[in-house]
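Each chain, written out:
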Amino acid sequence: MKKTITVRLKKHKYNIIISPSTKTFFSSLRKQIKTKTFFIISDKNIEKLHLKSLVNLFKQYGYNVHTAVISYGEKSKNIKNLSYLYNKALELGIDRKSCAIAFGGGVIGDIAGFFAATYMRGIDFIQIPTTLLAMTDSCVGGKTAINVTKGKNIAGAFYQPNLVWINTFFLESLPQRQIKNGLAEIIKYAFIFDKKFYNYLADLFENEIISSNDLDYIIYKSCFYKAEIVEKDERETIGLRAVLNFGHTYAHCLETATNYNRFLHGEAVAIGMLFAARLSLELKICKREVYYKVKNMLNITAFNLDTKNKPIKFLSLMKKDKKSVDGNINFVLIKDIGEVINKQVADKMVLNVLKKFRSI
Ligand SMILES: NC(=O)c1ccc[n+]([C@@H]2O[C@H](COP(=O)([O-])OP(=O)(O)OC[C@H]3O[C@@H](n4cnc5c(N)ncnc54)[C@H](O)[C@@H]3O)[C@@H](O)[C@H]2O)c1
């Protein structure tokens, strides 16, 4: 199955191709990108599994390919690796007409995207995501970033790719925990936008095995929704894009409080969505039935939803978050499945729910 989504922004347009066909990808690449020289950025896990075959593929199609490999995991999204990429690119003769390729999960997408945004003031850039999370979320939207010692995604830029190629073949080597990590973001799109999609997912999760057609479909739906929001609110200025942060206020402080080494992002988002639903319930924004629909879907996918937050610490972390405005904490809250709102919530209420949430 081949599906293409065109992301139309004010000054830029690009295609997301969801297809296992290399022919489809290269014919699109030929139309979008004029260079003959590519700089593939990847991590050590992908190097072992898939890098050689991608390099050979580019060579078969007559391109020059260079590679740079950094260590894997969140910690490698740092300034030292970024500096390594700049120097390596210079050494290899990558110039402003060359094209960078992010070949990996969201970590590689973010750092390679920031590299592409800043190397020689910006070069062309392709995303070839290899995790479910990167395929459904981080490869669309143009957010690029690295972490600094005191915070996540602190240095970054909005920089859109010229092309995205999603090939679910790469998921065959992805560990189950990472698959579930990506499912959290997919479920998030259903909660935010689409009751029908929620019902579709509820049926799908009853089955043990998800077919490749189903996989393509849920990736397509996720990219479609993300692209739609990004088209309307590219730089998160009119608040539309902020709905995608459903579950993220709590998730970010959970990740910070546990030094980013206990939860995967999607796992933290799953707990964060449950927290946002609980807050919505306490504020009487949603009915009990909606809260339980959120909880049940997260349970079906067998997320470990246990969380032992420290209410005062979490409150102060939430106030430091980028999503807090003038000291008030901004939450995306759920009214119904498929309908969310943005709302600033008083500290007292947040603290109250944080205390209750410990016992979930
Ligand atoms: N830019 C955005 O809009 C955006 C959105 C969401 C998340 N993010 C960022 O994405 C990052 C998380 O991304 P992630 O969950 O993909 O993590 P990741 O990139 O760290 O990948 C997870 C692990 O899976 C390995 N891996 C990747 N592909 C594989 C494959 N096909 N087979 C086997 N192993 C494979 C990686 O080496 C890594 O160890 C975070 O840094 C987060 O901030 C960015």
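Residues numbered from 1 in each chain as written. Predicted model: local features only at pLDDT ≥ 70, side-chain atom pairs only at ≥ 80, totals over all residues. Heavy atoms only, no water.

Participant: Whenever I open this one, the pattern of salt bridges confuses me. Can you help?
Facilitator: Between side chains of opposite charge, a pair can form when the charged atoms approach closely. Evaluated as defined, the whole model comprises 13 salt bridges. When the shortest N-O distance is used, the salt bridge between D137 and K226 registers 2.8 Å. With D137 in helix α5 (residues 132–138) and K226 in helix α8 (residues 212–232), this residue pair connects regions lying 89 residues apart in the sequence. We note a salt bridge from E339 to K335, for which the minimum N-O separation is 3.7 Å. With relative accessibility at 38%, the residue K335 sits in the partly exposed group. (Salt bridge = Lys/Arg side-chain N within 4 Å of Asp/Glu carboxyl O. Helix = DSSP H or I, 4+ residues; strand = E, 2+ residues; numbered from the N terminus. Buried < 20%, exposed > 50% of the residue type's maximum accessible area, 1.4 Å probe, protein only.)

Participant: For this particular structure, what's the right way to read the packing of helix α6 (residues 176–193) against helix α10 (residues 265–282)?
Facilitator: Packed helices, taken two at a time, are described by the angle their axes make and the gap between the axes. One way to put it is that α6 packs onto α10 with a least axis distance of 7 Å and a crossing angle of 40°. The interaxial crossing formed by α6 with α10 has left-handed handedness. Facing R177, N181, A184, E185, K188 and F191 of α6, the residues of α10 in contact are H265, G266, E267, V269, A270 and M273. Here the contact of α6 with α10 is composed, by residue class, of five nonpolar, three polar and four charged. (Axes fitted to C-alpha atoms, helices over the stretch in contact; angles between N-to-C directions. Left-handed = near helix turned anticlockwise from the far one by under 90°. Contact = heavy atoms within 4.5 Å. Nonpolar A, V, L, I, M, F, W, Y, C, P; charged D, E, K, R; others polar.)

Participant: Looking at this structure, how should I read the site of the ligand?
Facilitator: Taken together, the neighbourhood of the ligand is formed by 27 residues, with D43, E74, T130, T131 and S173 sitting nearest. Between the ligand and the protein, one listed contact pairs an oxygen atom with a side-chain N or O atom of K152 at 2.8 Å. Here a nitrogen atom of the ligand sits 2.8 Å away from a polar atom, N or O, in the main chain of F170. Secondary structure elements with two or more residues in the shell around the ligand: α2 (44–60), α4 (106–118), α5, β8 (151–158) and α6. Looking at which element gives the most residues to the shell around the ligand, the answer is α2, with four residues. Residues belonging to the shell around the ligand are distributed by class as follows: eight nonpolar, 11 polar and eight charged. Residue contributions to the shell around the ligand reach at least three from each of two domains, namely domain 1 (3–173) and domain 2 (176–357). (Near = heavy atom within 4 Å. Polar contact = N/O pair within 3.5 Å; in protein donor to acceptor, adjacent residues only side chain to side chain. Domains from an automatic or database assignment.)

Participant: It is not clear to me how the packing of aromatic side chains should be interpreted in this structure. Could you clarify?
Facilitator: This model, assessed by the stated rule, comprises 30 aromatic pairs. Their ring planes at 55° and their centres at 6.0 Å tell us that F58 and Y63 sit as a pair that is tilted. Taken individually, F58 and Y63 each receive the classification buried, so the pair is uniform in this respect. Ring pairing ties together the aromatic residues F25, F26, F38, F58, Y61, Y63, F103, W165, F169 and F170, which thus form one cluster. Seen from the ring of Y189, K188 lies directly overhead, with NZ or CZ sitting 5.4 Å from the centre. (Phe/Tyr/Trp six-rings, centres within 6.5 Å; stacked < 30°, edge-to-face > 60°. Lys NZ or Arg CZ within 6 Å of the ring centre and 35° of its normal.)

Participant: I would appreciate a short explanation of the pairing of strand β4 (residues 64–70) in the present structure.
Facilitator: Pairing of strand β3 (residues 37–43) with β4, which is carried by seven bridges, proceeds in the parallel orientation. Among the inter-strand pairings, T37 is bridged to a residue of β4, identified as N64. This β-α-β element, β3 to α2 to β4, shows right-handed connectivity. (Pairing = 2+ DSSP bridges. Right-handed = clockwise from strand over helix to strand, strands pointing away.)

Participant: I would appreciate a short explanation of the domain arrangement of the protein chain in the present structure.
Facilitator: Partitioning the protein chain into structural domains gives domain 1 (3–173) and domain 2 (176–357). Just the C-alpha atoms count here: the centres of domain 1 and domain 2 sit 26 Å apart. Tallying the contact residues gives 25 residues for domain 1 and 27 residues for domain 2. When domain 1 packs against domain 2, close to 2500 Å² is buried across both sides, 67% of that on carbon and sulfur atoms. By the criterion of area lost to domain 2, the three top residues of domain 1 are L132, T136 and F158, representing 23% of everything that side buries. Put simply, domain 1 and domain 2 have eight residue pairs in polar contact (both at pLDDT 80 or more) between them. Contributing elements (two or more residues each) for the side of domain 1 that touches domain 2: β1 (3–8), β2 (13–18), α5 and β8. At six residues, α5 tops the list of elements feeding residues into the side of domain 1 that touches domain 2. (Buried area = accessible area lost by both parts, 1.4 Å probe.)

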